[in-house]
Amino acid sequence: MMKFKDISYVRPTVEEVNAARSEQLEKFKSATTLDACICIYAEIEDYTYDVIYTMWNLAYIRHSMDTTDAFYAVEMDYWNEAGPEMGLLEAEITKALMQSPFRAALEKAWGSLIFLNEEINLKTFNEEIAEDLKEENRLSSDYVTLMSSAQIEFNGKIHTLAELEPYYENPDREVRIAAHKADRTWKIEKAEEIERIFDQLIKVRAIIAKKLGHKNFVKTGYYRMQRNCYDKEMVTQFRDGILKHIVPIVTQLKEEQKSRIGVDRIKPYDDKVMFLDGNASPTGTPEEIFTNAKKMFHEMSDSTAEVWNFMQDYDFFDVMTRPGKAEGGYLSILSAYRAPFIFANFTGTALDIDGMLTHEFGHAWAYYLAKDIFPRKLQDASAETREVHAITMEFLAWNWMADFFGDEREKYYYTHLANHLSWLPYEAMVDEFQQYIYEEPEMTPKQRNQLWLGLQEKYCPWLDVTDVPFDEDGCHWQQILHIFTIPFYYINYALAGIVALSFWAESRQNFTATWKKYEKFTRLAGTKNFVELLEDADMPSPFVANNLKLVADEVKMFLANSSLTNLK
Ligand code: ZN
């Protein structure tokens, strides 16, 4: 095994991939026994995961580590084009699997979920949309590159967007206002460009939906998210539940926050300040954070210790913020090495711990637990399940937070929980926004901004955007990466967020039992659908509105009993 930096990238060409796949397809079709059929399918998966996906992800990771690196910029352009061109034979292989004479026996061996998922996958691709997919890839790449190009002068230094984040937690309102203004000035300058990119994205997605025979892109987006056990109506009800049970509590918390931090109205630049004497922020250097993380994951369980050691020994992390690095954080997989990779942007705030370290490690650990499941497709749980893995890890890591926050750990608990609750309406809002814009792709940029403002009043009634340029004009959504790159992803966070809160509430009663349950849930990966996994673990379903109320009440009680509720 070698360190991440020593892994060499070799571009698999479209010709090579298609030739290999044609051969695999023929072998699969001509298999005369069940064993032969399974054996060839394993070969097909090994090639797809260990050659194609590994190189694709490697290019993606290295490009996001430095978006100014010309070599990997070219490679990403290549993959944006090559991906759809490789899609055709991939779909042919899927069709061959669906029509296999051994299908009944395969379903018996593997379960029927993989066939249901593949049926859904087939609805997201046909030959006619290959060119449109390339266009869509290009546009979302343009957005990522544009946002990571930010070089904002503030406080005598040049900042990336992520580097401005800590200022929004500064107890001095003047500092926050100034930092926020610097950020918004840059985004207003880019607004026209962002709107152009998005307008073209909406158009090309509408074309894709039409060519696939879907009513609109909402349908396509749901299929892409591989939603195999709930539909748009259930999501609508879930959002209503958030509106009914979560928004009132968050509104109350925001009232308390206002008096605690001494402001009349919560402006966008006040939202993140929880305490006037400063939010809880992790102590120590990034090196010390890593030392504490190692201790935490070693104490947590054998499997977490094993993954952590692996990732640390081979440098499968990039967490420091620097110019040219892409925004945000993610977990990627290099299957050829059975290795998860954590990409993050540390900013010195509490988000480094829960938004980056424990969250992304939750994803990494989940991959590691599932890496030997066959067929490998069943290793990939659907997105809301994967987010349960990650967000629950954030909460079950609470026992170790004294190491990261010292005396400020009570503040940390309060903030983590209160923020988590206030993101639920935000996530529902982002989802509803996307639903409407794809239902009406003819909307003008201005209408979209108006739509956003209306939804903001509904889901975040405490927020006051008057006299705040950019936000006042309804442009806030333009900074949300997922809207551009993975449509309809956001509601996964909210669904998972509710389940994670249930795990959190149980862990307050009995940590060891909850950990066992969580590990069992995670080990099942994608072998069952989301609803079945919840039933299996005896966890409350977020699709039942009353469950939202129950969990929200638990959170409310914890926060009300916190000694910090009215602390200045
Ligand atoms: Zn995640």
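Scroll up to find the structure.
Quick look at the structure, then. Model, not experiment: these values are computed from the prediction.

1. Here's the deal with the coordination of the zinc ion
- Donor atoms from the polypeptide that bind the zinc ion are His359 (NE2), His363 (NE2), Glu387 (OE) and Glu387 (OE), placed at 2.1 to 2.6 Å.
- Taken together, the 4 donor atoms coordinating the zinc ion span angles of 53 to 144° at the metal, a pattern that classifies the geometry as irregular.
- In primary sequence terms, the donor set of the zinc ion follows H-x3-H-x23-E. One end of the pair is His359 and the other is His363, both in helix H13 (residues 351-370) and 4 residues apart, which spans about a single turn. In terms of burial, His359 and His363 fall into one category: buried.

2. Here's the deal with the sheet that holds strand E3 (residues 317-320)
- Ordered in space as E3-E5-E4, the 3 strands form an open sheet in which the pairing is mixed. Both outer strands of the open sheet, E3 and strand E4 (330-334), are each paired with one neighbouring strand and no more. This sheet shows a mean twist of 15° between the axes of neighbouring strands, independent of strand direction.
- As paired strands, E3 and strand E5 (residues 339-346) are joined by 3 bridges and run parallel to one another. Looking at E5, one finds that Asp318 is bridged to Phe343.
- Contacts from helix H2 (residues 34-65) reach E3, E4 and E5, with the element oriented near 140° to E4.
- Of the strands in this sheet, E3 and E5 touch helix H12 (residues 302-313), which is tilted by about 75° from E5.

3. Description of the packing of aromatic side chains
- Evaluated as defined, the whole model comprises 56 aromatic pairs.
- Their ring planes at 55° and their centres at 4.8 Å tell us that Phe198 and Trp477 sit as a pair that is tilted. Remark: Trp477 occurs in the loop between helix H17 (445-459) and helix H18 (481-485) and Phe198 occurs in helix H8 (residues 173-211); sequence separation between them is 279 residues.
- Exposure remark for Trp477: the relative accessible area of 1% places this residue in the buried category.

4. Digging into the pattern of salt bridges
- The full count for this structure, using the stated rule, is 46 salt bridges.
- With a closest N to O distance of 3.4 Å, Arg239 and Glu432 form a salt bridge. Residue Arg239 is located in helix H10 (residues 232-261), and its partner Glu432 is located in helix H16 (residues 409-439); the two are separated by 193 residues in the primary sequence.
- A salt bridge links Lys254 to Asp271; its shortest N-O distance comes to 2.9 Å.

The rules behind each value
Residues numbered from 1 in each chain as written. Predicted model: local features only at pLDDT ≥ 70, side-chain atom pairs only at ≥ 80, totals over all residues. Heavy atoms only, no water. Donors = N, O, S within 2.8 Å, 3.2 Å for Na, K, Ca; no water. Tetrahedral: all angles 85-135°; square planar, octahedral: opposite > 155°, others 65-115°. Helix = DSSP H or I, 4+ residues; strand = E, 2+ residues; numbered from the N terminus. Buried < 20%, exposed > 50% of the residue type's maximum accessible area, 1.4 Å probe, protein only. Pairing = 2+ DSSP bridges. Axes fitted to C-alpha atoms, helices over the stretch in contact; angles between N-to-C directions. Contact = heavy atoms within 4.5 Å. Phe/Tyr/Trp six-rings, centres within 6.5 Å; stacked < 30°, edge-to-face > 60°. Salt bridge = Lys/Arg side-chain N within 4 Å of Asp/Glu carboxyl O.

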